[in-house]
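# Observations on chain architecture
Residues per chain, in single letters:
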Amino acid sequence: MFATPVAARDDSRLIELPSGTLLQSLPLLGRQAGISISVADAKLWQKTVKPVRGRMSAQKALDRMLSGTDAHAVKVGATSWRIERRPSRAQMASRQPRSPRLARPANIQTPSPPVEPRPVEEIVVNASKINMPYVNYAGVVTILDGADLQFGGERGMDSILSRMATISSTHLGSGRNKLFIRGIADSSFTGPTQATVGQYLGDIRLSYNAPDPDLRLYDIDRVEILEGPQGTLYGAGSLGGIIRMIPQTPDPGDTTLVASAGISLVQHGAPGGDISATANIPVGESGHALRLVGYSISDGGYIDNPLLGRNDVNRTNIRGGRGTFRLDLGSSWTVDLGGIYQRIKTEDAQYADKGAPPLTRSSLVEQGARARYGSAMLVIMKDWGDLHFQSSNAYVDHNLYERFDASLVDDAPRIFDQQNETRMLTSETRLSRPYSDGFGWVVGTSFIDNRTRQTRDFGGENMRAAIVGVTNRITEYTAYGEASFELVPDIVATGGLRYTHARLGGDGEDVDTLLALTQFGRAITAKRREEDLLPSASLLANPGKNVTLYARYQEGFRPGGLSIDGSFVQRFRNDHVSTYDAGMRFGRKGVTPFDATISVSHSRWRDIQADYIDANGFPTTANIGDGKITSISGSIAVRPVTGLSLEMGAVYNKSRVTQLSTGLQLAQATLTGPPTDFLSPVAVSPAGRLGRIPNVASHAVRGSANYETIIGDEDFRLQGWASYVGPSRVGIGPELGEGQGDYVDSGIAARIGNRKRGLSLTLTNLLDSRGNRFALGTPFVPGSDGYLTPLRPRTIRIAFDVAY
């Protein structure tokens, strides 16, 4: 008799891989098996591997594919593998005991192996849309590991900001911030202008002209940041670059549950806590799977309001989740159905009065905010040999409510409420040939229909009246293509083009129609069409081992729209950025003991769209003129000994407005009057020189250290980081020219445990610095000493995580 296995789990999936090189086959296997794969030796890329067809596990598919080669696959995580060269016979012999007398007795256990290095560089840059290997990608791309971002406590976008010197934020509060990359920054307010940074979850666009939704980064595989305009591949709203968060995919071969819970204590503030859970559930035996993520976070407040007799008023509560159901339809067809929901509630603002005691603000109004983000997604994928088809579709519902204190000094409370409601339908369909054998291409089409309605109320505590708002509508149809060729060995050229046709329209909200009829030429509605061509070109060379040189040209744009102008609405035009890049890379991250990058970029920004403060003290939008931005950035990483890595990055930005728009030039001439007569959208020096573009530090530096080892039977990891953010200006105008920045932030995190359980300790803001992250509190009636947004005080978090 033969024993039959009981309750054996089938973790197989349908795999269809043609014969080809490792570079051709690995991206296909990664998508079909739902795994991540890295390669330890660059010489393995062009190895010829065998075809694989049939239903099998990822392990079996890798073994079949690599059979007959000198490479093998090493599993380094639940869904992560690394391809390594097999040791030679001489190397194998050198590892054997030289004498039988030295052999370890069979009853004595061997010591635990050293910590297995985690794959820190994936084999391709997914955001290139042709799975371009990093070594052949012409541009600045940073890849952040999802586990690293969650290590020490998940902090949303702050986790990315603390690891990147080239990204900055306005720090109004979670769910309200604007993000900037490489000095491409427009203004501090949330207005009708489109964002300058494109944000994506996988291939799904998260927003169009709304602030950063600050989605929590639980169960994220990795994050890719592409710097510089990405107009050819990503279209409007990517002037500064894109941030692409790639979630873990459902795994039909394993049932898992991961949970964590933590408690945090804030010095000078209230306690907080967080809890999260991630579940992966195979469905049936046909390769289907469901993956669910849920979380709840409460960040304790630390700002006191003595005028109302309340302490720690700025508590923030975040609740949300994400789900994906993957259907394996066979014949390499895959369908993902997913959804996102997140709600943020901030009880009061996080700014303080500059001239008051630390962490104190005297305000008659509770300035709370609420943000709600929801999305439904459908992604269809199919592989035909070397070709990959993908259609990514989503509907987004994004709402933001904000309250500001508009009280006059020694007067009754006045309140300004602003509501932004965004509805977006987005669809992109593309066909690509992933880069291999020196050639790759992508062609695609996309459609976006976005509607944003901004309404505003103003008045006393018990009675407020609607004031002028605006609704903007835009429908975009685009077609694009890009191709990469290896002209000669080690020289790769890339070129592309995007055509966009946009229909724009808008209406004034709560406009006094009778008043509008009596004012000749004042608009309350508008419609128009725009067409744009966005070319791109790059050249990359690998002149030596682990040395890369590149040059790149790229363009980006944002469409125009309608904005509020006093009691009416006004049009603003589209703006356009052209950027030249050049850079060098040395070594290979995670492979060589040393790697470094340096890049230089110069951008010309035409017809800059900016949100600013009008003569009545309300936010509005206009084209303020032209500008130039020069940015120099670099990074270096060293791994001096096993388990220890040291990293440092820095950026220098020089930006200025070179030419004001005609209307603003006339307005600048009136600045001899009281400052509140006009708040210009560009900071002007006392000598009359045009100022620099706001909200971008002139320089920033970040450093970190990471150490991993084994203590007894447990893994131990220790990570520390520190960053310096240089000076910048909040704005845009005489009263918004306040300085900000020039502060140091730091933190340390440790974890001891294994893959099944762990205990972690995190300490942030080690120096308990105050700093000034953002010099804007309320746009109304700026205080005599101004405002500041301090860092969160020193905070300690203790957490426990488990996995089943």
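Look up a bit, the structure's there.
Predicted, not measured: the structure shown is a model, and the values here were computed from it.

If you tally the helices and strands in the protein, you get 8 helices and 42 strands. Within the protein, buried positions represent 56% of all 804 residues. For the protein, contacts bridging at least 24 residues in sequence account for 67% of all contacts bridging at least 6. Carbon and sulfur atoms make up 57% of the accessible area of the protein, which amounts to about 33400 Å² in all.

Turning our eyes to something else, we now look at the nonpolar core. Counting 36 residues, the largest nonpolar core has Ile160, Ile167, Val223, Ile225 and Ile243 as the members making the most contacts within it. Those elements that place two or more of their residues in this core are α5 (157–161), β10 (179–181), β11 (197–201), β13 (220–227), β14 (241–247), β21 (369–384), β22 (387–405) and β26 (491–509). Broken down by element, the residue count for this core peaks at 4 residues, all from β21. Beyond its immediate sequence surroundings of up to four residues, Ile160 is in contact with Leu144, Leu149, Ile167, Leu217, Val223, Ile225 and Ile243. Leu17, Leu23, Leu62 and Trp81 belong to the second-largest nonpolar core, a separate cluster that totals 25 residues.

Moving on to the sheet that holds strand β3 (residues 36–39). Overall, mixed pairing links the 3 strands, which are arranged β3-β7-β6 in an open sheet. Two strands in the sheet have a free side with no partner beyond their single neighbour: β3 and β6 (71–75). Within the sheet, the average angular offset between the axes of one strand and its neighbour, ignoring direction, is 25°. Of the strand pairs in this sheet, β6 and strand β7 (residues 80–85) are connected by 5 bridges, and their pairing is antiparallel. Its bridge partner lying in β7, Lys75 is registered against Trp81. Lying over the sheet, helix α2 (residues 58–66) contacts β6 and β7, oriented at roughly 20° with respect to β7.

Take the packing of helix α1 (residues 22–33) against α2 next. Close contact between α1 and α2 brings their axes to 11 Å; oriented N to C, the two are set at 165°. In terms of orientation, α1 lies roughly antiparallel with respect to α2. The hand of the α1/α2 crossing is right-handed. The residues of α2 that touch α1, namely those facing Leu22, Ser25, Leu26, Leu29 and Ala33, are Ala58, Ala61, Leu62, Met65 and Leu66. In the contact of α1 with α2, the residues fall into 9 nonpolar, 1 polar and no charged.

In this section: the environment of Ala637. Along the chain, the position of Ala637 falls in strand β35 (residues 625–638). What Ala637 contacts, discounting residues up to four positions off in sequence, is Pro593, Phe594, Asp595, Leu646 and Glu647.

This part takes up unusual backbone geometry. Positioned with a positive phi, Asp214 is a non-glycine residue whose angle comes to about 55°. Mapped onto the elements of the fold, Asp214 is located in the loop between β12 (204–205) and β13. On the basis of relative accessible area, Asp214 is assigned to the buried category, the value being 8%. Positive phi, normally seen in glycine, also occurs at Asp219, with a value near 55°. Looking at the element boundaries, Asp219 is found in the loop between β12 and β13.

Spanning 12 residues, α1 covers 16 Å between terminal C-alpha atoms, matching the ideal 16 Å at 1.5 Å per step. The buried fraction of α1 is high, at 11 of 12 residues. Listed in full, the buried residues belonging to α1 are Leu22, Leu23, Gln24, Ser25, Leu26, Pro27, Leu28, Leu29, Gly30, Gln32 and Ala33.

Here we come to the environment of Ile35. Inspection of the secondary structure puts Ile35 in the loop between α1 and β3. Setting aside its immediate chain neighbours within four residues, Ile35 contacts Leu29, Gly30, Ala58, Thr79 and Trp81.

Right, let's talk about the sheet that holds β13 for a bit. If you trace the 5 strands from one edge of the open sheet to the other, you get β8-β13-β14-β11-β12, paired in mixed fashion. Strand pairing shows two members of the sheet lacking a second neighbour, β8 (141–145) and β12, which therefore form its edges. Relative to β12, β11 runs antiparallel, the two sharing 2 bridges. Across the sheet, the residue bridging to Leu201 is Ile204, located in β12.

The next point concerns the pattern of salt bridges. Pairing between side chains of opposite charge can happen when their charged atoms approach one another. Tallied over the full model, the rule gives 33 salt bridges. When the shortest N-O distance is used, the salt bridge between Lys178 and Asp186 registers 3.2 Å. For the pair shown, Lys178 and Asp186 are each scored as buried. Between Arg216 and Asp214 there is a salt bridge; the shortest N-O distance is 2.5 Å. According to the relative accessible area criterion, Arg216 is buried, its value standing at 6%. One network of salt bridges, with partners in common, ties together Lys129, Asp203, Arg222, Glu224, Arg244, Glu428 and Arg430.

Strand direction decides the pairing type here: strand β23 (residues 414–436) and strand β24 (residues 439–460), joined by 21 bridges, are antiparallel. Looking across to β24, one finds that Arg430 is bridged to Gly444. Judged from the 20 bridges that link them, β24 and strand β25 (residues 464–488) form a sheet pairing that is antiparallel. For Thr452, the partnering residue across the bridge sits in β25 and is Asn472. Connecting β24 to the antiparallel partner β25 that follows it, the hairpin turn spans 3 residues.

Quick look at the packing of aromatic side chains now. The geometry of an aromatic ring pair comes down to the distance between the two centres and the angle between the two planes. Evaluation of the coordinates by the stated rule reveals 10 aromatic pairs. Arranged with centres 4.9 Å apart and planes meeting at 70°, the rings of Tyr351 and Tyr787 form a pair that is edge-to-face. With a gap of 436 residues between them, Tyr351 in the loop between β19 (333–346) and β20 (352–353) and Tyr787 in strand β41 (residues 787–788) connect regions that are remote in the sequence. Just as Tyr351 is buried, Tyr787 falls in that class too. Through pairs of rings, three or more aromatic residues link up here, namely Trp333, Trp384 and Phe389.

Another point: the side chain of Arg585. Mapped onto the elements, Arg585 comes out in strand β31 (residues 575–586). One polar contact links the side chain of Arg585 to the main-chain carbonyl oxygen of Tyr137, over a distance of 2.8 Å. A distance of 3.1 Å separates the side chain of Arg585 from the backbone oxygen of Gly139, its partner in a polar contact. Discounting residues that sit within four places of it in the chain, Arg585 has contacts with Tyr134, Val135, Tyr137, Gly139, Leu540, Asn546, Val547, Thr548, Tyr550, Ala596 and Thr597.

All right, on to a nonpolar patch on the surface then. On the surface, a nonpolar cluster with roughly 790 Å² of combined accessible area is contributed by Ile263, Leu265, Ile711, Ile752, Leu759, Leu761, Ile796, Ile798 and Phe800. For the nonpolar patch, the secondary-structure elements that each account for two or more residues are β15 (256–266), β40 (757–764) and β42 (795–803). Looking at the nonpolar patch, the element that brings in the most residues is β42, giving 3 residues.

Thresholds, definitions, all that
- By convention here, each chain's residues receive numbers from 1 onward along its written sequence.
- Where totals are concerned, whole chains, interfaces and linings use all residues; where local detail is concerned, this predicted model gives features only for residues with pLDDT of at least 70, and gives and counts side-chain atom pairs only at 80 or more.
- The side-chain values count all of the structure's non-hydrogen atoms but skip hydrogen atoms and water molecules.
- Numbering of helices and strands runs from the N terminus, with a helix taken as a DSSP run of H or I at least four residues long and a strand as a DSSP run of E at least two residues long.
- The buried label applies to any residue whose accessible area, calculated with a 1.4 Å probe on protein chains only, is under 20% of its type's maximum; exposed applies above 50%, and partly exposed to all values in between.
- Contact definition: two residues touch when any of their heavy atoms are within 4.5 Å.
- In these tables, accessible area is a Shrake-Rupley quantity obtained with a 1.4 Å probe, and a residue counts as shielded only by the protein chains included in the view.
- Think of a nonpolar core as a cluster: buried Ala, Val, Leu, Ile, Met, Phe, Trp, Tyr and Cys residues, connected wherever their side-chain atoms sit within 4.5 Å.
- One bridge is not enough; two strands pair if DSSP finds at least two bridges between them.
- For every element, the axis is a line fit to its C-alpha atoms; helices are fit only across the contacting stretch, and the angle between N-to-C directions ranges from 0 to 180 degrees.
- Convention used here: angles under 35 degrees read as roughly parallel, angles over 145 as roughly antiparallel, angles from 65 to 115 as roughly perpendicular, and any remaining angle as oblique.
- Left-handed describes a crossing whose near helix is turned anticlockwise from the far helix through less than a right angle; right-handed describes the clockwise counterpart.
- Put simply, Ala, Val, Leu, Ile, Met, Phe, Trp, Tyr, Cys and Pro go in the nonpolar bin, Asp, Glu, Lys and Arg in the charged bin, and everything else, Gly too, in the polar bin.
- Multiply 1.5 Å by the residue count of a helix minus one, and that product is the helix's expected span.
- Only one rule defines a salt bridge in this text: a Lys or Arg side-chain nitrogen within 4 Å of an Asp or Glu carboxyl oxygen.
- Pairing of aromatic rings covers Phe, Tyr and Trp, the last counted by its six-membered ring, and requires centre-to-centre distances within 6.5 Å; plane angles under 30 degrees mean stacked, over 60 mean edge-to-face, and any other angle means tilted.
- Two N or O atoms form a polar contact when they lie within 3.5 Å of each other; inside protein one atom must be a possible hydrogen donor and the other a possible acceptor, and for residues adjacent in sequence the pair counts only when both atoms belong to side chains.
- Nonpolar side chains (Val, Leu, Ile, Met, Phe, Trp, Tyr) within 5 Å and like charges within 9 Å form the patches, drawn only from residues with over 30% relative accessible area and no salt bridge.

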